[in-house]
Amino acid sequence: MMAFAANARRMSPRDAFSDSVMCLVFKYSQSVDTTGRAEHKSYAYTKFQIKTNKRNATLMLVPTMYAVAHGGGRRFISEFYNQMTLDANGRPVAKRLLNISTIPHRSNTLSSVLKYMTPTVYGETLFETNILSPFHYKNRRYYKYAVTQLPFGKAQVYVYPRLKNTQVIEARAIVDSQSGKISMVDFEGEYDMTRFYISIIMGKDGFGSLSPARCSMRANFSFMGNKITGMYTTVYGLPKILSDSLNNVADTALMAKVRPIELNQDEADIYRKFYEKRKQITDSLNNNIPEKNFAKDILWDVIGDNVLNRISQGFGKQNQGYFRISPILNPLYMGYSERKGIVYKFDLKGGYRFTENLELGLRFKGGYSMKQHRFYFNIPMTFNYNPKHNGYLKLEIGNGNRISNNRVARKMLGISKPEDNDFLNPLFSKYPGLSLPEISTDIDANNRKLTEFKDDYLRLTNHWSFNDYVGFEIGLVSHQRKAVVESFYKLFNYPSKYVSVAPAVALELLPWGKKGSIFKIDYEKGWKNLLGSNIDYERVEADAQTIFQASRRQSYSIRLGAGFYTRKGDHWDFVDYTNFHDDNIPGGWNDSWRGEFELLPSQWYNASDYYVRGNFTYEAPMIATAWLPLIGKYIEAERLYVSSLVVNHLHPYTEWGYGVTTRAITLGFFAAFKNTKFNGIGCRFGFELFRDW
């Protein structure tokens, strides 16, 4: 058997040397003693130039690029001095102490590229969660390696990707053939419309050898005819010279004190021209020579910047407050779904920290569906009062989904329950002579608007975790539902508004701690005549969610849930669940489709006094499409979706889907099956441009 195995693969000495070196490289990070690495604090200096080769009006749509697009110059320089620490996962975290720049307002320009200056060479991913590192054992299937022996116990490693894709790169490294330690490495790749060329000199000894000592990069950014070049240099491992209490200070004298490498003549000229121009402007203002141009200085510089780009600002003496606003008029922040059509969304959030334990946060999420002609909003305000026990008080106000349930109308007209709630028989069939001109313009083909109710809600919740495994919630939930066509109900002298008020409690279980699965049991009991309520009910829901992060950027998302009503009052007409509802404003701008039904008509969320649901999503950077020629190189992630639902008259409803994410959009295709019969297909997409900028 051993002889057969030996004959199966006869390696040349060159192949044996190559395999030996790569095995050592893959194992090197495990051989290094990292004791004290998490507590280690150091300092880093970064300088970079930005050169505008070509630009047009569309550059203003790129986040962080407004100042460059509208500024008078075409060459800018910035310098940073940062305090460097490591997070729990061993990734670098920078706190900016000094910052001087010729970019107007010291704006953070091409800030997404800065993460390329802190690569984790031996990690699974090079830059945070992007780009599969060729020097991690689990990623070897995506690369080919060629090793050349060099003098003095060194070897040169060439790395080539097996496929053209934005998640893999080309690399060349000089390594120690006896230990696998990388001393120098160059990377070349393209991600998020940026082509980058990176040269790294690694640290020499101990856990310092796992991180760069010096990193240089040339980045070429292209977008709709705009071409920007950035030249970056970062030096790590600098000694402490200044106080850590500094926070983003603009001081040229201090920067000259900590600068480890001198500015070259080109860089010095950019600074000289910038300060000469600023002095001329100051002198002109002191002499009252020119007045400000309102259109340029106010409309463009202030309003234009804030409308087209993200707004992020801190305030307070210790920077204890902040607010962030997504671009207001940027057309790149849109999405599309089969039911809602084109949806435009925006997000505003802010916070203020009073003490280490007391913090107030406020958020406003809004969205407008152009197909439904509806504006949705959700305003959560959170007061965190005990971080150790995750203690917070949360007030949430919003307008939810319209309740498309015909129970009220049937009861009012004495119509028996149809066999299937999906289609409503015309309500006027019992009254053929009835004429309601003021209503008829609001009635669609199936008279659904007669049965629709607007839903405004308020939820007050107090959360407390006893430990990392058990949490508890108690609060109050209120819904005010008002008929869309009030005149129809008033004609029959029937209520057109319903109010429910319910105390609510929830038990939260985390069997594997904060980063594991979450099991939650919710209980609500609505009381009639409580704070104006005219509905009584009792409901129980159970929900379980988990996301398992596997190697090579793979993840498995699972959600299981069930809910049912244990009491229906005399005037029980609405069904509304906490964990099973139509999410009108998905969180963030990225793909957030896990645990959702994409093609399920909205009325099914409110059509049954029980539900059982399950959702599964598998995500990986490369499943099928990424391996195809021509288009595969643009694929950043692929997903498979399977969802199933059981409610009244659906036994079951299932959806199967496939989705891809590229630099421009996330696109998903879904097929629905109702009671095992094909029920249609649909798609959904959202813009992904500049999601990490």
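Residues numbered from 1 in each chain as written. Predicted model: local features only at pLDDT ≥ 70, side-chain atom pairs only at ≥ 80, totals over all residues. Heavy atoms only, no water.

S.K.: Quick question: what am I supposed to make of the overall build of the chain here?
M.R.: The helix and strand inventory of the chain stands at nine helices and 31 strands. The buried share among the 693 residues of the chain stands at 45%. A fraction of 58% describes how many contacts in the chain between residues 6 or more apart in sequence connect residues 24 or more apart. Taken as a whole, the chain presents about 34,700 Å² of accessible surface, with 57% of it coming from carbon and sulfur. (Helix = DSSP H or I, 4+ residues; strand = E, 2+ residues; numbered from the N terminus. Buried < 20%, exposed > 50% of the residue type's maximum accessible area, 1.4 Å probe, protein only. Contact = heavy atoms within 4.5 Å. Areas by Shrake-Rupley, 256 points an atom, 1.4 Å probe, with all protein chains shown as cover.)

S.K.: Help me understand the packing of aromatic side chains in this model?
M.R.: Geometrically, a pair of aromatic rings is defined through the distance of the ring centres and the angle of the planes. Inspection of every chain in the model, using the stated rule, returns 31 aromatic pairs. Where Tyr577 meets Phe580, the ring centres are 6.3 Å apart and the plane angle is 50°; that geometry is what we call tilted. The same class applies to Tyr577 and to Phe580, which are both buried. Here the aromatic cluster, defined as three or more aromatic residues joined through ring pairs, consists of Tyr537, Tyr565, Tyr577, Phe580, Phe597, Tyr605, Tyr611 and Tyr653. One cation-aromatic arrangement involves Arg96 over Phe80; the distance from NZ or CZ to the ring centre is 3.6 Å. Positioned above the aromatic ring of Trp527, the side-chain terminus of Lys525 is 4.7 Å from the ring centre. (Phe/Tyr/Trp six-rings, centres within 6.5 Å; stacked < 30°, edge-to-face > 60°. Lys NZ or Arg CZ within 6 Å of the ring centre and 35° of its normal.)

S.K.: Honestly, the pairing of strand S8 (residues 170-176) in this entry has me stumped. Any pointers?
M.R.: Note on strand geometry: in a regular strand, side chains alternate between the two faces of the sheet. Side chains Ala171, Ala173 and Val175 of S8 all project onto a buried face; the interleaved residues Glu170, Arg172, Ile174 and Asp176 project onto a face where none is buried. Two strands pair when backbone bridges link them, and S8 and strand S9 (residues 182-191) are joined in this way by six bridges, in the antiparallel orientation. Bridged to Ala171 within S9 is Phe187. Here S8 folds back onto S9, and the loop between the two strands holds five residues, one of which, Gly180, carries a positive phi near 85°. (Pairing = 2+ DSSP bridges.)

S.K.: Hey, could you run me through unusual backbone geometry in this one?
M.R.: As a rule of thumb, non-glycine residues mostly have phi less than zero, and peptide bonds are mostly trans rather than cis. Residue His651 is joined to Pro652 through a cis peptide bond whose omega torsion reads -5°. Mapped onto the fold, Pro652 is located in strand S29 (residues 650-662). Even without being glycine, Leu531 reaches a positive phi, approximately 55°. With respect to the helices and strands, the residue Leu531 is situated in the loop between strand S24 (518-526) and strand S25 (537-549). Even without being a glycine, Asn675 presents a positive backbone phi close to 50°. Among the secondary structure elements, Asn675 is positioned in the loop between strand S30 (665-674) and strand S31 (677-687). With relative accessibility at 29%, the residue Asn675 sits in the partly exposed group.

S.K.: Is there a simple way to think about the nonpolar core in this case?
M.R.: Inside soluble globular proteins, nonpolar side chains tend to come together where they are buried. The biggest cluster of nonpolar side chains holds 62 residues, and the ones touching the most others in it are Phe135, Ile182, Phe187, Ile198, Met217 and Tyr232. The residues touching Ile182, leaving out its near neighbours within four places in the chain, are Val25, Val121, Tyr122, Phe135, Ala173, Ile174, Val175 and Met202. Ile403, Tyr489, Tyr498 and Tyr577 belong to the second-largest nonpolar core, a separate cluster that totals 31 residues. (Core = buried A, V, L, I, M, F, W, Y, C linked by side-chain atoms within 4.5 Å.)

S.K.: What am I meant to see in the side chain of Glu524 here?
M.R.: By the secondary structure assignment, Glu524 is in strand S24. In terms of polar contacts, Glu524 uses its side chain to reach the side chain of Tyr537, at 2.8 Å. Among the polar contacts made by the side chain of Glu524, one reaches the side chain of Arg539 at a distance of 2.8 Å. Sequence-distant contacts of Glu524, defined by excluding residues within four places in its chain, comprise Arg459, Val477, Ala502, Pro503, Ala504, Tyr537, Glu538, Arg539 and Thr578. (Polar contact = N/O pair within 3.5 Å; in protein donor to acceptor, adjacent residues only side chain to side chain.)

S.K.: Could you clarify how one ought to interpret the pairing of strand S27 (residues 610-620) in this entry?
M.R.: S27 sits mainly inside the fold: eight of its 11 residues count as buried. Across 10 bridges, strand S26 (residues 555-568) lies against S27 in antiparallel orientation. The residue of S27 that forms the bridge with Tyr556 is Tyr618. Of the pairings in the sheet, the one linking S27 to strand S28 (residues 635-647) comprises nine bridges and is antiparallel in character. Opposite Tyr618, over in S28, you have Leu640 as the bridge partner.

S.K.: Help me out: how do you make sense of the sheet that holds S9 in this one?
M.R.: Across the sheet, 10 strands lie side by side as S3-S2-S1-S12-S11-S10-S9-S8-S7-S6; this open sheet has antiparallel pairing. The strands lining the two open edges of the sheet, one partner per strand, are strand S3 (92-101) and strand S6 (143-150). In this sheet, neighbouring strand axes are inclined to one another by 15° on average, regardless of whether the strands run parallel or antiparallel. Of the pairings in the sheet, the one linking strand S1 (residues 42-54) to strand S2 (residues 75-86) comprises 10 bridges and is antiparallel in character. From the neighbouring strand, Ala44 faces S2, where its bridge partner is Asn82. (Axes fitted to C-alpha atoms, helices over the stretch in contact; angles between N-to-C directions.)

S.K.: Explanation requested: the confidence of the model for the chain in the structure shown.
M.R.: The predicted coordinates of low-pLDDT regions are not to be read in fine detail. Within the chain, residue pLDDT values average 79, and 76% of them lie at 70 or more. Averaged pLDDT values for the elements of the chain fall to 35 in helix H1 (residues 2-8) and rise to 94 in S8. The low-confidence segment residues 294-300 (pLDDT under 50) makes 13 contacts with residues lying over four places distant or belonging to another chain. Long-range and interchain partners of residues 415-446, a stretch whose pLDDT sits below 50, account for 52 contacts in this model, where long-range means more than four residues apart. (pLDDT = per-residue confidence, 0-100.)

S.K.: Help me understand the pattern of salt bridges, please; the structure alone is not making it clear to me.
M.R.: In a structure, side chains of opposite charge can pair up when their charged atoms sit close to one another. Inspection of the entire model under this criterion finds 18 salt bridges. In this structure, Lys47 and Glu267 form a salt bridge, with 2.9 Å as the shortest nitrogen-oxygen distance. Taken together, the residues span a long stretch of sequence, with Lys47 in strand S1 and Glu267 in helix H5 (residues 265-286) at a distance of 220 residues. In terms of burial, Lys47 and Glu267 fall into one category: buried. (Salt bridge = Lys/Arg side-chain N within 4 Å of Asp/Glu carboxyl O.)

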